[in-house]
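# What the coordinates show
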Amino acid sequence: MTTPLLTIDPEKCSKDGLCAMACPMALLSFADTTKPPVPVPNARELCIRCGHCVAVCPKGAIDHEAMKASDCLPIQKKLLLSAEHAEHFLRSRRSMRNYKDAPVEREKLERLITIASHAQTGHNEQPVKWLVIYEKEKVHQLAEQVIAWMKHLLKTQKEFAKSLHMDMIVAAWLMGFDVVFRNAPHVVLAYSHKASGTAPTASIIAMTYLELAAPTLGLGTCWAGYFTYASQTFQPLMEALNLPKNHVAQQGVMVGIPKFGYQRMPVRKSPDITFA
Ligand SMILES: Cc1cc2nc3c(=O)[nH]c(=O)nc-3n(C[C@H](O)[C@H](O)[C@H](O)COP(=O)(O)O)c2cc1C
């Protein structure tokens, strides 16, 4: 016998209909308001397993086959950010390009990626997978591949390559400076199955989560745009990454322990806003 998609405890259910309202696919019928909502006949096929029905119930009356109410951490009011805290936190985030010559514990990187894996995804598909290039030697080898890609572009698409300062980055590399990964000890790459249409956006959002969470764990990050670009187009680098068959690189960031922090929030352009 298959487990039911949803189990609603009639004793706990207060018949407020919140689960029916919250379900993005309208899979709960609440026609009889004297009884707990009932899943529609094709609920199992249509359910995207987002857990909103479980998360919205104030009584903890619903268990989903994918997650029990007791599996879902309660939201603690005392931990919610004020508008002032949120603005301060978001505006004080910085790209870090100077790292201590020390590794980050694997558990810490796993914790960081776990936080990032809770970012929103189209249709709750959760298509993002993670490759941690942990060993510094391997990070250096990948940087070498990115430099090889830049050298190739400087020959074949000189103006384009120069517009992205690749001539300067290659020159710096030859003098012993790593402008690709900034001597970061680790690189985290989000990748996905090539057939997933939601993965490019999901990877950017998840990486943004990762970047925002990093300083709370004492870590610094910087998006590795050159590496990302090369990892999607340069065959030798793709081979070095050795992603599973039919998978593609999405976004990469460098990660490490920052050498220093910042004292002020730099000014940005005023937003160009139109109300229509
Ligand atoms: C998609 C993306 C790719 C980036 N790639 C690089 C990179 O390869 N190297 C680097 O030093 N910074 C890179 N950055 C960092 C930007 O230069 C940085 O976000 C910008 O200068 C603003 O500074 P802030 O992040 O401290 O606000 C990248 C940022 C983004 C969003």
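Here the structure is a predicted model, which is why all the values come from computation and not from measurement.

Scanning the chain for helices and strands turns up 11 helices and eight strands. For 276 residues, the compact-globule formula gives about 19 Å, and the C-alpha radius of gyration of the chain, at 23 Å, lies well above that figure. The dimensions of the chain, computed from C-alpha atoms along their principal axes, are 75 × 45 × 45 Å. Evaluated residue by residue, the chain yields a buried proportion of 29% over its 276 residues. Across the chain, every contact between residues at least 6 apart in sequence was considered, and the portion connecting residues at least 24 apart equals 72%.

Attention now goes to the environment of Q251. In this fold, Q251 is placed in strand 8 (residues 247–256). For Q251, a count of 26 C-beta atoms within 10 Å gives the class buried. As for Q251 and D32, which are separated by 219 residues in sequence, their C-alpha atoms are 48 Å apart. Once you skip the residues sitting within four places of it in the chain, Q251 turns out to touch A190, S203, I204, M207 and T228.

For the rest of this paragraph, the subject is the site of the ligand. Surrounding the ligand, one finds R94, S95, R97, C222, W223, A224, G225 and Y226. Among the elements of the structure, strand 7 (220–223) and helix 10 (225–233) are those that each provide at least two residues to the shell around the ligand. When its residues are assigned to classes, the shell around the ligand shows four nonpolar, two polar and two charged.

Two modes of strand pairing occur in sheets, parallel and antiparallel, and in both the strands are linked by backbone hydrogen bonds. Overall, antiparallel pairing links the four strands, which are arranged 5-6-8-7 in an open sheet. The sheet terminates laterally at strand 5 (129–133) and strand 7, the two strands that pair on one side only. In this sheet, adjacent strand axes meet at a mean angle of 30 degrees when their direction is disregarded. Summarising the sheet, strand 6 (residues 186–193) and strand 8 pair through eight bridges and their orientation is antiparallel. By the bridge assignment for strand 8, Y191 is matched with A249. In the packing of helix 10 onto the sheet, contacts are made with strand 6, strand 7 and strand 8, and the angle to strand 8 comes to roughly 160 degrees.

This next bit is on the domain arrangement of the chain. Where interface size is quoted, it is often the accessible area lost as the parts come together. Domain boundaries assigned for the chain yield domain 1 (6–71) and domain 2 (96–256). Summarising the inter-unit geometry, the C-alpha centres of domain 1 and domain 2 are found 40 Å apart.

So, on to the nonpolar core. V146, V187 and V255 are the most contacted members of the largest nonpolar core, which has 45 residues in total. Mapped by element, the contributors of at least two residues to this core are helix 5 (106–116), helix 6 (136–156), helix 8 (166–174), strand 6, helix 9 (199–213), helix 10, helix 11 (235–241) and strand 8.

Let's shift gears to unusual backbone geometry. Of note, the phi angle at K15 is positive, near 55 degrees, even though the residue is not glycine. Along the chain, K15 falls in the loop between strand 1 (6–8) and helix 1 (18–22). The backbone phi angle of N124 is positive, close to 50 degrees, even though this residue is not glycine. For N124, a count of 14 C-beta atoms within 10 Å gives the class partly exposed.

To continue, consider the packing of helix 6 against helix 10. Direction vectors running N to C along helix 6 and helix 10 enclose 75 degrees, while the axes themselves pass 10 Å from each other. When the axis of helix 6 is compared with that of helix 10, the two are roughly perpendicular. Side by side, helix 6 and helix 10 meet where L142, Q145, V146 and W149 of the first sit next to Y226, F227 and A230 of the second. Here the contact of helix 6 with helix 10 is composed, by residue class, of six nonpolar, one polar and no charged.

Analysis parameters
- Residues numbered from 1 in each chain as written.
- Predicted model: local features only at pLDDT ≥ 70, side-chain atom pairs only at ≥ 80, totals over all residues.
- Helix = DSSP H or I, 4+ residues; strand = E, 2+ residues; numbered from the N terminus.
- Rg over C-alpha atoms; globule rule 2.2 N^0.38 Å.
- Buried ≥ 20, exposed ≤ 12 C-beta atoms within 10 Å, placed from the backbone.
- Contact = placed C-beta atoms within 7 Å.
- Near = placed C-beta within 6 Å.
- Nonpolar A, V, L, I, M, F, W, Y, C, P; charged D, E, K, R; others polar.
- Pairing = 2+ DSSP bridges.
- Axes fitted to C-alpha atoms, helices over the stretch in contact; angles between N-to-C directions.
- Domains from an automatic or database assignment.
- Core = buried A, V, L, I, M, F, W, Y, C linked by C-beta atoms within 7 Å.
- Parallel < 35°, antiparallel > 145°, perpendicular 65-115°, else oblique.

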